[in-house]
2 protein chains.
Amino acid sequence: MIEPETSGRTPEAMLLVVEDEPSILELLAGSLRFTGFAVVTASNGADAIRAARRHRPDLIILDVMLPDIDGFDVARRLRSGGDRTPILFLTARDAVQDRVKGLTIGGDDYVTKPFSLEEVVARIRAVLRRFRGGGAEPPPRLVFAHLELDEESHEVWRDGRPVQLSPTEFKLLRYLMANAGRVLSKAQILDHVWNYDFQGDSGIVESYVSALRRKVDTGEPRLIHTLRSVGYVLREPPGGT
Amino acid sequence: MIEPETSGRTPEAMLLVVEDEPSILELLAGSLRFTGFAVVTASNGADAIRAARRHRPDLIILDVMLPDIDGFDVARRLRSGGDRTPILFLTARDAVQDRVKGLTIGGDDYVTKPFSLEEVVARIRAVLRRFRGGGAEPPPRLVFAHLELDEESHEVWRDGRPVQLSPTEFKLLRYLMANAGRVLSKAQILDHVWNYDFQGDSGIVESYVSALRRKVDTGEPRLIHTLRSVGYVLREPPGGT
DNA sequence: TCCCGACCTGAAAGTCCCCTGAACGCGAGC
DNA sequence: GCTCGCGTTCAGGGGACTTTCAGGTCGGGA
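Residues numbered from 1 in each chain as written. Chains lettered and ligands numbered in written order. Predicted model: local features only at pLDDT ≥ 70, side-chain atom pairs only at ≥ 80, totals over all residues. Heavy atoms only, no water.

Trainee: Mind showing me how you'd approach the pairing of strand 1 (residues 14-18) of chain A here?
Mentor: For a regular strand, the rule is simple: side chains alternate between the two faces of the sheet. Residue and element names in this part refer to chain A. Among the five residues that make up strand 1, five are buried, leaving the element largely enclosed by the rest of the structure. Going residue by residue along strand 1, you find Met14, Leu16 and Val18 tucked away on one face and Leu15 and Val17 tucked away on the opposite face as well. Across five bridges, strand 1 lies against strand 2 (residues 38-42) in parallel orientation. When the bridges of strand 2 are listed, methionine 14 appears paired with alanine 38. Handedness of the crossover joining strand 1 and strand 2 through helix 1 (residues 22-35): right-handed. (Buried < 20%, exposed > 50% of the residue type's maximum accessible area, 1.4 Å probe, protein only. Helix = DSSP H or I, 4+ residues; strand = E, 2+ residues; numbered from the N terminus. Pairing = 2+ DSSP bridges. Right-handed = clockwise from strand over helix to strand, strands pointing away.)

Trainee: For this particular structure, what's the right way to read the sheet that holds strand 9 (residues 161-163) of chain B?
Mentor: All names here are of chain B. On the basis of which strands lie adjacent, the open sheet formed by four strands has the order 6-7-8-9 and antiparallel pairing. Among the strands making up the open sheet, the edge pair consists of strand 6 (141-144) and strand 9. Here the average twist between neighbouring strands, direction ignored, is 25 degrees. Bridging between strand 7 (residues 147-150) and strand 8 (residues 155-158) involves four bridges; their strand directions are antiparallel. Across the sheet, the residue bridging to leucine 147 is arginine 158, located in strand 8. Seen against the sheet, helix 6 (residues 167-178) touches strand 6, strand 7 and strand 8 and runs at an angle of roughly 115 degrees to strand 7. (Axes fitted to C-alpha atoms, helices over the stretch in contact; angles between N-to-C directions. Contact = heavy atoms within 4.5 Å.)

Trainee: It is not clear to me how the packing of helix 5 (residues 117-132) of chain B against helix 6 of chain B should be interpreted in this structure. Could you clarify?
Mentor: What describes two packed helices is the angle between their axes and the distance between those same axes. Residue and element names in this part refer to chain B. At a closest axis distance of 10 Å, the pairing of helix 5 and helix 6 adopts a crossing angle of 70 degrees. On the basis of the axis angle, helix 5 is roughly perpendicular to helix 6. Only Lys171, Arg174 and Tyr175 of helix 6 make contact with helix 5, whose side of the interface consists of Glu118, Glu119 and Ala122. Residue composition of the contact of helix 5 with helix 6, by class: two nonpolar, no polar and four charged. (Parallel < 35°, antiparallel > 145°, perpendicular 65-115°, else oblique. Nonpolar A, V, L, I, M, F, W, Y, C, P; charged D, E, K, R; others polar.)

Trainee: Just to check I follow, could you spell out the protein's contact with DNA strand D for this structure?
Mentor: Around DNA strand D, 24 residues are found, and the nearest of them are Thr168(A), Ser166(B), Thr168(B), Trp194(B) and Tyr208(B). Close to the protein, within 4 Å, the atoms of DNA strand D are drawn from sugar and phosphate at a rate of 71%. Between DNA strand D and Trp194(A), the relevant distance is 2.7 Å, taken from a phosphate oxygen to a side-chain nitrogen or oxygen of the residue. One of the side-chain N or O atoms of Ser202(B) is found 2.9 Å from a phosphate oxygen in DNA strand D. Every element with two or more residues in the surface near DNA strand D is listed here: helix 6 (167-178) and helix 8 (204-216) of chain A together with helix 6 and helix 8 (204-216) of chain B. Of the residues contributing to the surface near DNA strand D, the split by class is 10 nonpolar, 10 polar and four charged. (Near = heavy atom within 4 Å. Polar contact = N/O pair within 3.5 Å; in protein donor to acceptor, adjacent residues only side chain to side chain.)

Trainee: Just to check I follow, could you spell out the interface of chain B and chain A for this structure?
Mentor: By a widespread convention, an interface's size corresponds to the accessible area lost as its parts come together. Taken together, the 31 residues of chain B in the interface contact 34 residues of chain A. When chain B packs against chain A, close to 2,500 Å² is buried across both sides, 52% of that on carbon and sulfur atoms. Ranking the residues of chain B by area buried against chain A places Arg84(B), Lys101(B) and Ile105(B) at the top, with a combined share of 29%. Scanning the region where chain B abuts chain A turns up two salt bridges. In this structure, Asp191(A) and Lys101(B) form a salt bridge, with 3.5 Å as the shortest nitrogen-oxygen distance. Between chain B and chain A we count four residue pairs in polar contact (both at pLDDT 80 or more) in total. (Buried area = accessible area lost by both parts, 1.4 Å probe. Salt bridge = Lys/Arg side-chain N within 4 Å of Asp/Glu carboxyl O.)

Here's what the structure looks like:
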């Protein structure tokens, strides 16, 4: 069991990540720490329950396929012990859609494997938002220049007019908008927007950038800029290479 | 190229460089020491793990092709041992396709061989910044006279007005600005700005200096000075030999 | 002053990166 | 089973960038 830690800043929330496959645990924990969460981990159900009681995380990311106790059982035991911590389940795409769906009414949610980091982070924030509710919560909208994006409803507007985006286009735009002004390399984009098991490349990022431009960036000024052999950046024009 | 030691000033950070090819190891270690880093080295995976545990470097530069343990495995072993030192991977350009995916997620990054030293130093600083900082700190900028250069967004301003530079022009200017006041020989410039396996010359440095002057050094006072048969230097006018 | 090497600069050629439309296959929904 | 939307790959074309080169300029030493 690993102690919480982030690099310096005060964490946005404390997460417990429960996953038995080391590479995925590492991927999630590393990326979430880097995103600004404090993270503790467990790799089986028993440890998960102990860690939840000990660290009292704000949210639990819970694989449903664990070596000892099934993820749903972990959830059930916590709940029957009075623990109301919201849970984000990780499930295989084909498995147990119905069992999982019932869980989302309680404020919990699920993400199917293989996931993209963009997806997981978005869901985490959504669940935390719903759960904390009430107070001064950050609006679930990203705004940049004449673009507006609603993370919850998956709607996008350009100059106030709705734009239809495919799921991947939406994730790409969300990633760009969340990092507006920062240059993002193609590797970063692939790592965050595409599923972790995606192997190919062959210019898929270019394809999607092209599609996005057509849909949301035709007018002036241009917002999506190419930095040759460096990456892409979303920003208002004045700016050198 | 053996450079003098930097006299006594406290190093910017401690790096562990892991690379099995002696010539490249020497190139990297020497140049990084000269730049102001403290450097320890290892030339295989097992030594790398030992050195990481013993010296606790701020960052590890890790070749993925090692004689014993694959660089990715080295990283995995360190991580699973709780070590979260950021890593800058060195990979062959054609190996980028398959295994590089996922490397940028935890704050790590990679550079493809053959690299330029400028590139490596820039990436090192970027990774250290991300890893240490995170908070609301000003973007990393090089400033000299009326020139301003943002390493993160690749933007350059002259008298506050943006200037468009090609990637190589940008690297050259960054090298000059990072060494403002220091005379740089053409050989040094070639070694740092161009890839280490670059063979030709035929006045390519002159060409780029010329282009840079046209773009950022037309007004008065002149900043980029030629020292005949010695090199170039970026400094304000009163100039000696 | 002359000479020679070093340097400057614009242009040409070639390369590399990127953009875009089209084709293919897959899965979901009808 | 069929259709449609989506994700992915691929190839052609265009354009930015790199590198070379030649002709001109400059500066210093003899």
